[in-house]
Amino acid sequence: MKGATTVAEYRLEMRDVVKTFPGVKALDHAQLKLRPGTVHALMGENGAGKSTLMKCMFGIYSMDEGEVIYEGEKVQIKGPLDALHRGIAMVHQELQPIPERSIGENIYVGRYPTKRVAGMQLVDHAKMYEDAAKVLKEVHLNFDPKAKLGTLSVSQMQLVEIAKAVSADCKVLILDEPTSSLTAAEVEALFTIVEELRKKGVSIVYISHKMDEILRISDEVTIMRDGQYIGTWDAKTLTTDMIITKMVGRELTDLYPKRENVPGDVVFEVEDFTSINPKSFRDVSFQVRKGEILGVAGLVGAQRTELMEGLFGLRCHNKGKVTYQGKELKINRPKDAIKNGIAMLTEDRRATGILGVLSIADNVSIASLNQYVDMGIVLNDKKIEKLVQDNVAKLSIKTPSSKTQIQSLSGGNQQKVLISRWLANDPDVFILDEPTRGIDVGAKYEIYCIIADLAKQGKSIIMISSEMGELIGMSDRIMVMCDGRVTGFIDGDKANQENIMELATRFE
Amino acid sequence: MKNNTLNAKSVKTFMSNNAIIILIMLLALAVGCTTQNFFTIRNFRNLLINVGPRFIIACGVSGCLITKGTDLSAGRMVGLSACLSAILLQRADYADKLFPGLPEIPVFGGLLIVLIIMAIFGAINGSVIAFLKVPPFIATLGMQTIVYGLCSVITNNQPLGGYKSSYSQVANGSIGPIPYLAIFAVVIGLFMWFLYNKTRHGKYMYAIGGNEHAAEVAGVNVAATLIRIYILAAVLYALGGFLLGAKAGGASTATGFGYELEAIAACTIGGVSTNGGVGKISGVLVGVLVFETLKICLQFLGVDPAYTFIVQGLVTIVAVALDLRKYLAKK
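Calculation notes
Residues numbered from 1 in each chain as written. Chains lettered and ligands numbered in written order. Predicted model: local features only at pLDDT ≥ 70, side-chain atom pairs only at ≥ 80, totals over all residues. Helix = DSSP H or I, 4+ residues; strand = E, 2+ residues; numbered from the N terminus. Rg over C-alpha atoms; globule rule 2.2 N^0.38 Å. Buried ≥ 20, exposed ≤ 12 C-beta atoms within 10 Å, placed from the backbone. Contact = placed C-beta atoms within 7 Å. Pairing = 2+ DSSP bridges. Axes fitted to C-alpha atoms, helices over the stretch in contact; angles between N-to-C directions. Nonpolar A, V, L, I, M, F, W, Y, C, P; charged D, E, K, R; others polar. Core = buried A, V, L, I, M, F, W, Y, C linked by C-beta atoms within 7 Å. Domains from an automatic or database assignment. Expected span 1.5 Å × (residues − 1). Parallel < 35°, antiparallel > 145°, perpendicular 65-115°, else oblique. Left-handed = near helix turned anticlockwise from the far one by under 90°.

Caption draft 1: Quick peek at the overall build of chain A. What chain A contains, in helices and strands, is 18 helices and 24 strands. Taking 508 residues into account, the globule formula puts the C-alpha radius of gyration at 23 Å, and chain A, at 25 Å, falls close to it. In terms of its C-alpha atoms, chain A occupies a principal-axis envelope of roughly 70 × 50 × 50 Å. Counting only residues that meet the buried cut, chain A has 45% of its 508 residues in that class. Restricting the contact set of chain A to residue pairs at least 6 apart, pairs at least 24 apart contribute 68%.

Right, here's the structure in full:
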């Protein structure tokens, strides 16, 4: 199919796209060439401009410069609806579901089939549900289109989102990190659908950070760095290392730092910890040593985050005992946990971590303000500034000044600011929930070094991660959870993908 | 070359970020040049007197706005506190005294009682918002109506007058050319600046506005902070109402009508974002000054008061729209 005529060679071409946001050049002469009937992986670190480029293609952003050639013609895509009409569909990284409405309505929202009754344009519900059923079948989903979307799991909603794209009878389909919330089996199902669409001649743009997926399903790979186009290669000629090198722009020798921490005595103990929600964590018992990194593995839905939020006082529990050095801790809200020397980096940095519009200084100091009070009331700005500068230097946070808004920093630097926030309280136990999620390959290594260093200083670390490599590479021990229960522990040096997955899938 | 474009761009950003302020200042300039008596000490003093109590009220509302809330009960609370002050501080020999049996109360004592009573309403607002999680818009809208009803009941819908001269003096006196009302405003302004910038309460307030969930994770007592904010707001409305009553020499259930909207408009013009987490006391002052300047301009132009309301409403909506545009522009 490749290169039959010059017109048909590419389904869609983006040339020299420039897009500037206040203070950042997000796209700097980026380009992309999509052939019909291929899966085209778009790769780059976070902030490389992949999502921005796709939003330009889908008409969510308007380009400052550059052009889009679609089926041989120069076009201007005015907005998402225009894109859909032209046959370009996008499944967003962050789902935008309307949980209280039916699956059918979610698929056809904004473009409901209509009929004329007594001169009025009304929604044709019968046709909508009929069409929805057909589309669902196409993506192998066996749901009643009249059911509320909210009754589905996150991964099922993701598939509905794909059904929505299919329903637009698209010629170009953009999948922005579609597998981030899917289990292995669901990923397989998704790949089957992708394969079928490819056979129908659909051009698929596939954005993902998971190298193995990319190498498995894509035909071509385009790599971006800092908003610029680096190149396009045949996927067969690439290896994981080559992709990473091209993405980062330098060689990465070691993925994980050498750990020098020596686990000591057991200090933090959890016994029979059980949620008030019967479907959530239950009868959880574990111990963490001083200076130990305990990895926590599990599939989506294993209730790992819920367990940690429970320990930190963000969720309620009705049974269980938490002790530190033999002393029982009463934790009903985050404030209690902090007072008892526990710190927690939450999973979703944007939603529950950063104070976006506030400065680095405010973000670093917010959890430890009591330490900088003079005369019982006045905050000592000098002490706060010193704390911030110390941490900026110690964790090498890249920021123009301590007054910069945290939301303008990269993910890795935001994470370091949040770590500084907790370091100011000198906690004994660090709970880290997906500490490197949404962070560049390069910055990940720095975060690993910080974690290793904390353990070396004698902090007890509990680290949830969904990246197997990270868990195996960083943990002294790994606790595996399945469906709210702890199903086993594995020593770090004996852990591998197989024995972790075996425990993670031990459903009752 | 590059520098030039940057400058042109920064000028443009400044203009669009302060569009309303610039437009109203241009209007004031035009009005001042075409009418007589605009640029006079008298008119300026008049501006200060109008700004004083409104700035104090706007300071109260600013805390609610910074935490992504709002307080629609502000105006009616001002009215109730003006009426309460009137009741407590009527002359003993005044023929129409509402409660003739009420003992003589010193002005400061009257103020204290009013502040305490209004603080209770603020605590109710704050608790409903913090514990029952009622959206601030609804909670304070309900409170607005409750307070208005209470005010009608207490005053029998009668306008109140006949103040003690010591009470009237609070608002009408001056030190040299500077009216007492302006001095009250300056003191409150300094206090609020200190509170917002130098205390834990201030930092917690901005944190909640920036991201309530993240603030909670960081150990901020969100409920207590919100309740403190709404109590402080109510106390400031009480002070505002007390001063307005003294200035007018009378109060009725109509006192304070629409002040919440003026305060919200002034805050937004002054850069307090309804998106939360952003806002300065200096900005609030600029906002109130600009908004009052607009009103004086309209007076000088002889605009019918009915039209004045229309203009004020429009300015409020435009101010919020422009503020939100700053965040939309980032897309």
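Caption draft 2: Broad picture of the overall build of chain B. If you tally the helices and strands in chain B, you get 14 helices and two strands. Against the compact-globule benchmark of 20 Å for 331 residues, chain B has a radius of gyration of 21 Å, which places it among compact chains. Along the three orthogonal principal directions, the C-alpha set of chain B runs to about 75 × 55 × 35 Å. By residue count, 46% of the 331 residues in chain B fall in the buried class. Contacts in chain B between residues at least 24 apart in sequence constitute 79% of all its contacts with a sequence separation of at least 6.

Caption draft 3: Broad picture of the sheet that holds strand S11 (residues 220–225) of chain A. Residue and element names in this part refer to chain A. With mixed pairing, six strands are arranged side by side in an open sheet as S6-S9-S10-S3-S11-S12. Edge positions in the open sheet fall to strand S6 (88–91) and strand S12 (228–234), since each of these has one partner strand only. Sheet twist, expressed as the mean angle between neighbouring strand axes with direction ignored, is 20 degrees. Examined bridge by bridge, strand S3 (residues 39–43) and S11 share four bridges and lie parallel to one another. The residue bridging Leu42 from the neighbouring strand is Thr222, located in S11. Where helix H2 (residues 50–57) meets the sheet, it contacts S3, S6, strand S9 (172–176), strand S10 (203–207) and S11, and its direction lies at approximately 150 degrees from that of S9. Taken strand by strand, helix H6 (residues 154–167) contacts S6 and S9, and its axis lies near 175 degrees from that of S6.

Caption draft 4: Just the interface of chain B and chain A, in detail. Chain B puts 21 residues into the contact, and the matching count from chain A is 26 residues. Those elements giving two or more residues to the side of chain B that touches chain A turn out to be helix H9 (200–210) and helix H10 (212–217) of chain B. When grouped by side-chain class, the residues that make up the side of chain B that touches chain A number eight nonpolar, seven polar and six charged.

Caption draft 5: Structural detail: the nonpolar core. Residues Ile431 and Ile451 of chain A are the most contacted members of the largest nonpolar core, which totals 175 residues. Among the elements that take part in this core, helix H11 (residues 222–248) of chain B stands out by supplying 17 residues, more than any other. Both domain 3 (254–341 + 427–508) and domain 4 (354–426) of chain A contribute no fewer than three residues apiece to this core. Non-local contacts of Ile431 of chain A, meaning those with residues more than four positions away in its chain, are made with Met308, Leu311, Phe312, Ile342, Ala343, Met344 and Ile462 of chain A.

Caption draft 6: Seen up close, the pairing of strand S4 (residues 65–70) of chain A. Residues and elements named next belong to chain A. Pairing of strand S1 (residues 12–21) with S4 involves five bridges; the strand directions are antiparallel. Bridged to Val18 within S4 is Glu65. Pairing geometry for S4 and strand S5 (residues 73–75), over three bridges, is antiparallel. Residue pairing for S5: Tyr70 is matched across the bridge by Glu73.

Caption draft 7: Main features of the sheet that holds strand S14 (residues 284–289) of chain A. All names here are of chain A. A sheet is described by the order of its strands in space; here four strands give the open sequence S14-S13-S16-S17, paired in antiparallel fashion. Each of the sheet's edge strands pairs with one partner strand only, and the pair in question is S14 and strand S17 (327–328). As defined by bridge partners, strand S16 (residues 317–324) adjoins S17 across two bridges and the pair is classed as antiparallel. Across the sheet, the residue bridging to Thr323 is Glu328, located in S17. Most of the contacts of helix H10 (residues 304–311) go to strand S13 (residues 266–275), to which it runs at about 110 degrees, and overall it touches S13, S14 and S16.

Caption draft 8: Spatial organisation of H11 of chain B. All names here are of chain B. The end-to-end C-alpha separation of H11 is 39 Å, in line with the 39 Å expected for 27 residues at 1.5 Å each. Within H11, 23 of the 27 residues are buried, which leaves the element mostly enclosed by the surrounding structure. After H11 finishes, the residue Gly249 shows a positive phi value of roughly 75 degrees.

Caption draft 9: Spotlight on the packing of helix H4 (residues 74–88) of chain B against helix H6 (residues 136–155) of chain B. All names here are of chain B. As a packed pair, H4 and H6 sit with axes 9 Å apart at the nearest point and diverge in direction by 20 degrees. In terms of their interaxial angle, H4 and H6 are classed as roughly parallel. Crossing angle aside, the handedness with which H4 passes H6 is left-handed. The segment H4 lies against H6, with Arg76, Met77, Gly79, Leu80 and Cys83 engaging Gln144, Val147, Tyr148, Leu150, Cys151, Ile154 and Thr155.

Caption draft 10: Structural context of the domain arrangement of chain A. Domain annotation for chain A reports domain 1 (1–87 + 170–251), domain 2 (97–168), domain 3 (254–341 + 427–508) and domain 4 (354–426). A separation of 37 Å is found between the C-alpha centroids of domain 1 of chain A and domain 4 of chain A.

Caption draft 11: Molecular detail of the pairing of strand S7 (residues 114–117) of chain A. Residues and elements named next belong to chain A. Sheet analysis places S7 next to strand S8 (residues 120–123), joined by four bridges and oriented antiparallel. The partner of Lys115 across the bridge, within S8, is Leu122. Linkage of S7 to S8, two consecutive antiparallel strands, is achieved through a turn of two residues, within which Ala118 is found at a positive phi near 50 degrees.

Caption draft 12: Looking closely at the environment of Ala361 of chain A. All names here are of chain A. Among the secondary structure elements, Ala361 is positioned in helix H13 (residues 360–365). Overall, Ala361 belongs to the buried group, with 22 C-beta atoms counted inside 10 Å. Remark: the alpha-carbon pair of Ala361 and Met54, spanning 307 residues in sequence, is separated by 34 Å.

Caption draft 13: Seen up close, unusual backbone geometry. All names here are of chain A. Even without being a glycine, Ala118 presents a positive backbone phi close to 50 degrees. Within the element layout of this structure, Ala118 appears in the loop between S7 and S8. Given 5 C-beta atoms within 10 Å, Ala118 falls into the exposed group. Of note, the phi angle at Met375 is positive, near 50 degrees, even though the residue is not glycine. The topology assignment puts Met375 in the loop between strand S19 (373–374) and strand S20 (378–379).

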